[in-house]
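Listed here are the chains, written in short residue letters.
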Amino acid sequence: MSYSISVALTGSGGAGAMTAGQILLDSAAQAGFYGLMTRSMGPQIRGGEAAALVRISSVPISSLDDHYDLLVPFDWGNINRFSAELPLSSSSLILADPEQGDVPPSIAGYGARVAALPLKALAGAIPGGRANMVGLGAVATLIGLPIASVIAVLTKQLARKGEEVLAASTACLEAGAQAAAGLPSVTKLPSQPHGEALRWNISGNEAAGLGALRGGIKFVAAYPITPATEVLEWLAPALEKTGGALVQAEDELASINMVIGGSFAGLPSLTATSGPGLSLMTESIGLAVASETPLVVIDVMRGGPSTGIPTKSEQSDLNIAVYGLHGDAPHVVVAPNSATDCLFATQWSVHLAEALQTPAIVLSDQAMGQSRVVIDKPAENGFVAQRLVPEADAPGYQRYALTNSGVSPMAIPGMAGNNYVADGLEHNERGTPSSQASDHLAQLDKRAGKLDAFDYGEHWADIEGDGEIAVITWGSVTGPVREAIGRARAKGIKAKMISLRLILPTRPAQMQEALKGVKKVLVVEQSHSQQFHKFLRGHYDLPGDVLVVSRPGPLPIRPAEIETRLAAWK
Amino acid sequence: MTIQSPLTVQDFKSDVKPIWCPGCGDHAVLLAVTKALVELNTPREQIAFISGIGCSSRIPAYTNVYGFHGVHGRALAIAAGVKLARPDLTVLVAGGDGDGLSIGGNHFMHACRRNVDMTYVIMDNEVYGMTKGQASPTTAPDWCNSKLTPHGTGVSPVEPVRLALAAGANFIARGFAGNPNDVARLIVEGVHHPGFSFIQVLSPCVTYRPEQREWKQSVHAGQDQPPQLVAEAMHRLASDDGFTTGVLFAGNRPAFMPERKVTASFADIEKKFAS
């Protein structure tokens, strides 16, 4: 028994691997477990190879495990394309359908146990039967997930398809469960997780959308791009039902400028994109900096540069998010550290953008954006859009007035007597274009100062544990870091995790405080050129020895890699 | 009860001095815009005047309404955002031929077909003035007075009104800066017409295109009754000399505006996540 088990379900398009994975995750939630499902897909529009990577746990998790306990290939089609993403150990079990041929060398090389399970034949014996449901029945039985939970989920999901479909699926599940009885055993789930608390099943991209909604976003301009589209597709009906509006733009140049227009007109506004789209938007994000127009851009990072690997994850947009704007253009960059945190980070970003009248970039990534997690219902955090506005007919109103906080009241069209012209040209306090050195310096100081002076509270980073070793990380890599530190602690290695949520503005004083007593620093990130490490070097003093674990996507960083480094440093 | 006296042209002008050259057609367009605003009788705070980059795009700062002077080529996108977010506002957009038809050409096409209710004035002088005299998309192919294209562009110019018609603009007109009262009337009509209204204003650049001073000899009024059918407008524009002024097309497509009706609470939305 372990606190979690990991299952990989793979197959060509139409084999039903993703469906089976989704039902497995839902069933785990139904039974009161937590869980995480990531997917690995090929680039094909339809019919490509797909892997549903499911981890079920008795405690909340935000990381994949080091290897899979169980691999169920419904067929071996194109398995070589992602066998590197399916690490197995000698105790893992492969349920191989003899009808699909031998285990390919790229999988056999892991040295896992192999058991024959005639998925297709068993399904074929049941009218309307499907191999993926047979596989699911076998998986549930092997890992100790009650079949009743799976049937409960199927009953709900297949309600519209009629009795016959449900009966066929149930028969397949039972056939799989029976077949599993004769198979070698694998790690089992703990018998009972946390009581009956309400679980949520949500993807990181949906969580980001919900965070936007809860934060008060009312206007979204959208241009589709993988892997950010789900944020927009979730927001479209949600906004429509709650009095907001989403419009599809002709390109990212339009979407960012529509968002600027929507915000100028008074509505908290947002767009979501991925690397190539962020590149197109950078000029206008600079306009939002100069004109002090609040807005939020969610960047769901994928492998780059250029078109790169659109369906797979990488933390390599850090540089463009931080340094991509021309001129001195201070802005906010916030990075969620898990699928769950996509909600908080986005909602907080809406709050920050509006309070500070600045663009905020939310740096999510494919790994968390397209993961589904089973979690406790997220608590309300209270962060909402609040914009400082002037009184109507404010005497001598100046849009860019120099104030103590650096934030000046922002008039909204419709407010009488306060009309002004927002401008990307440097301007004086009134907003009139100016190329004078004194105006430029005053406005640069204002725009930088307002971000620096703001109190971001404890949310700038997630800090856990204590010790002379600090692991500094960010984004979705936080999941494996957190898990590795927990494991190391159990072995007597003390380490502190500092996961940066607020990337910009930097918080040197808080970091110095967090690094007190630290003698060794391990930086963990997922980029080829150590973007995060160099960012840290440029803005923070890192004490003592510094070691970097950094490699590009799409292979996820696993807890064991970090644990090994920590152990070596003991 | 006090009776508010009607606003005057001066009320719609700001105290910012235009950067334009003496004799530039844009001065007259500014006058036309302010005359139109007087005629429209809309409260100043209900007007949003959006522009991009270029000589003519400086115009919002010279008016006394809410404005946004954005980046090069994206005025229509900002304007669409303003109108979609705030349907109650009257949205005007202005800029030059380079801003609207070159760098912003894609947005122009989509603004025409999207048909958001706003009025777009292109102050067309067939040249990039702010960067000191380069060919624009409306420049004749054999214009050789730019250091950038000393032998001419050799590229056929865009005919903005034909492009607008093909892309689906709902109201298309042409004016001449030399007749600011006519331009003001076209702007008023454009604002009153539902959907996307496009007005090309021939606005001479006396610095880089001094020959445009002669445009006043070439302009001529079109027919009183504008065509309401695309085919008819297309037919007329096919043989147009580029100097016909007046309304060239007045369609009847409904303006685009997403409906806003609250039908669910956040709690309703969140129910879908509960397992």
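As the structure is a computational prediction, the values presented were derived from the model and not from experiment.

Caption draft 1: Quick peek at the packing of helix α5 (residues 147–157) of chain A against helix α6 (residues 163–180) of chain A. All names here are of chain A. The contact between α5 and α6 brings their axes to 10 Å, and the two run at 160 degrees. It follows from the interaxial angle that α5 and α6 lie roughly antiparallel. Between α5 and α6 the crossing geometry is right-handed. Between α5, through I147, V150, I151, L154 and T155, and α6, the contact on the second element is made entirely by L166, S169, T170, L173, E174 and A177. Across the contact of α5 with α6, the residue classes tally to seven nonpolar, three polar and one charged.

Caption draft 2: Fine view of the interface of chain B and chain A. Taken together, the contact between chain B and chain A spans 46 residues of the former and 58 residues of the latter. Interface of chain B and chain A: buried area, both sides summed, is about 4300 Å²; carbon and sulfur atoms make up 63% of it. On the chain B side of the contact with chain A, B:Y66, B:F68 and B:F273 bury the most area, a combined 19% of that side's loss. The interface formed by chain B and chain A contains three salt bridges. One salt bridge in this structure joins A:E250 and B:R114, with 2.7 Å as the shortest N-O distance. Counting across the chain B and chain A interface gives 20 residue pairs in polar contact (both at pLDDT 80 or more). Elements with a contribution of two residues or more to the side of chain B that touches chain A: β1 (47–51), β2 (66–69), α2 (75–85), α4 (105–114) and α9 (266–270) of chain B. When residues in the side of chain B that touches chain A are grouped by element, the largest group, seven residues, is from α2(B). Where strand β15 (residues 421–423) of chain A lies against β2(B), three bridges are found, and the strand directions are parallel. Bridging across to β2(B), A:D423 finds its partner in B:H69.

Caption draft 3: Structural context of the UniProt feature "domain: Thiamine pyrophosphate enzyme TPP-binding" (unreviewed entry) in chain B. Mapped onto this numbering, the UniProt entry annotates "domain: Thiamine pyrophosphate enzyme TPP-binding" (unreviewed entry) at residues 53–201 of chain B. This span, residues 53–201 of chain B, is 33% helix and 20% strand, and a straight line between its end C-alpha atoms measures 17 Å.

Caption draft 4: The arrangement of the sheet that holds β1(B) in detail. One open sheet accounts for nine strands, arranged β15(A)-β2(B)-β1(B)-β3(B)-β4(B)-β6(B)-β5(B)-β8(B)-β7(B); its pairing is mixed. Across the chains shown, the open sheet's two edge strands, defined by having one partner strand only, are β15 of chain A together with β7 (220–221) of chain B. Both strand β4 (residues 118–124) of chain B and strand β6 (residues 196–202) of chain B contribute to a ladder of seven bridges, which runs parallel. Across the sheet, the residue bridging to B:D124 is B:L202, located in β6(B). Contacts from helix α1 (residues 25–40) of chain B reach β1, β3 (90–96), β4 and β6 of chain B within the one sheet, and its direction differs from that of β4(B) by about 160 degrees. In the packing of helix α6 (residues 180–192) of chain B onto the sheet, the strands contacted are β3, β4, β5 (171–176), β6 and β8 (244–250) of chain B, and the crossing angle to β5(B) comes to about 165 degrees.

Caption draft 5: Representation of the pairing of strand β17 (residues 469–474) of chain A. All names here are of chain A. Where burial is concerned, most of β17 is hidden: six out of the six residues are buried. Of the two faces of β17, the one holding I469, V471 and T473 and the one holding A470, I472 and W474 are both buried throughout. The pairing of β17 with strand β18 (residues 495–500) spans six bridges and is parallel. For T473, the partnering residue across the bridge sits in β18 and is S499. A crossover connection joins β17 to the parallel β18 through helix α15 (residues 478–490); in handedness this β-α-β unit is right-handed. Bridging between β17 and strand β20 (residues 520–525) involves five bridges; their strand directions are parallel. Across the sheet, I472 pairs through a bridge with V523, a residue of β20.

Caption draft 6: Molecular detail of the packing of aromatic side chains. Summed over the entire model, instances satisfying the criterion amount to 20 aromatic pairs over all chains. Seen in terms of ring centroids, A:W200 and B:F273 are 5.2 Å apart; in terms of plane orientation they differ by 40 degrees. Their pairing is tilted. Of the two residues, A:W200 sits in strand β7 (residues 199–203) while B:F273 sits in the segment after α9, which places them in two different chains. Taking relative accessible area as the criterion, B:F273 reaches 4% and is therefore assigned buried. On the numbers, 5.2 Å between centres and 80 degrees between planes, the contact of A:F264 with B:F68 is edge-to-face.

About the cut-offs
- Residues numbered from 1 in each chain as written.
- Chains lettered and ligands numbered in written order.
- Predicted model: local features only at pLDDT ≥ 70, side-chain atom pairs only at ≥ 80, totals over all residues.
- Heavy atoms only, no water.
- Axes fitted to C-alpha atoms, helices over the stretch in contact; angles between N-to-C directions.
- Helix = DSSP H or I, 4+ residues; strand = E, 2+ residues; numbered from the N terminus.
- Parallel < 35°, antiparallel > 145°, perpendicular 65-115°, else oblique.
- Left-handed = near helix turned anticlockwise from the far one by under 90°.
- Contact = heavy atoms within 4.5 Å.
- Nonpolar A, V, L, I, M, F, W, Y, C, P; charged D, E, K, R; others polar.
- Buried area = accessible area lost by both parts, 1.4 Å probe.
- Salt bridge = Lys/Arg side-chain N within 4 Å of Asp/Glu carboxyl O.
- Polar contact = N/O pair within 3.5 Å; in protein donor to acceptor, adjacent residues only side chain to side chain.
- Pairing = 2+ DSSP bridges.
- UniProt positions renumbered as here; feature names shortened; annotations may be inferred.
- Buried < 20%, exposed > 50% of the residue type's maximum accessible area, 1.4 Å probe, protein only.
- Right-handed = clockwise from strand over helix to strand, strands pointing away.
- Phe/Tyr/Trp six-rings, centres within 6.5 Å; stacked < 30°, edge-to-face > 60°.

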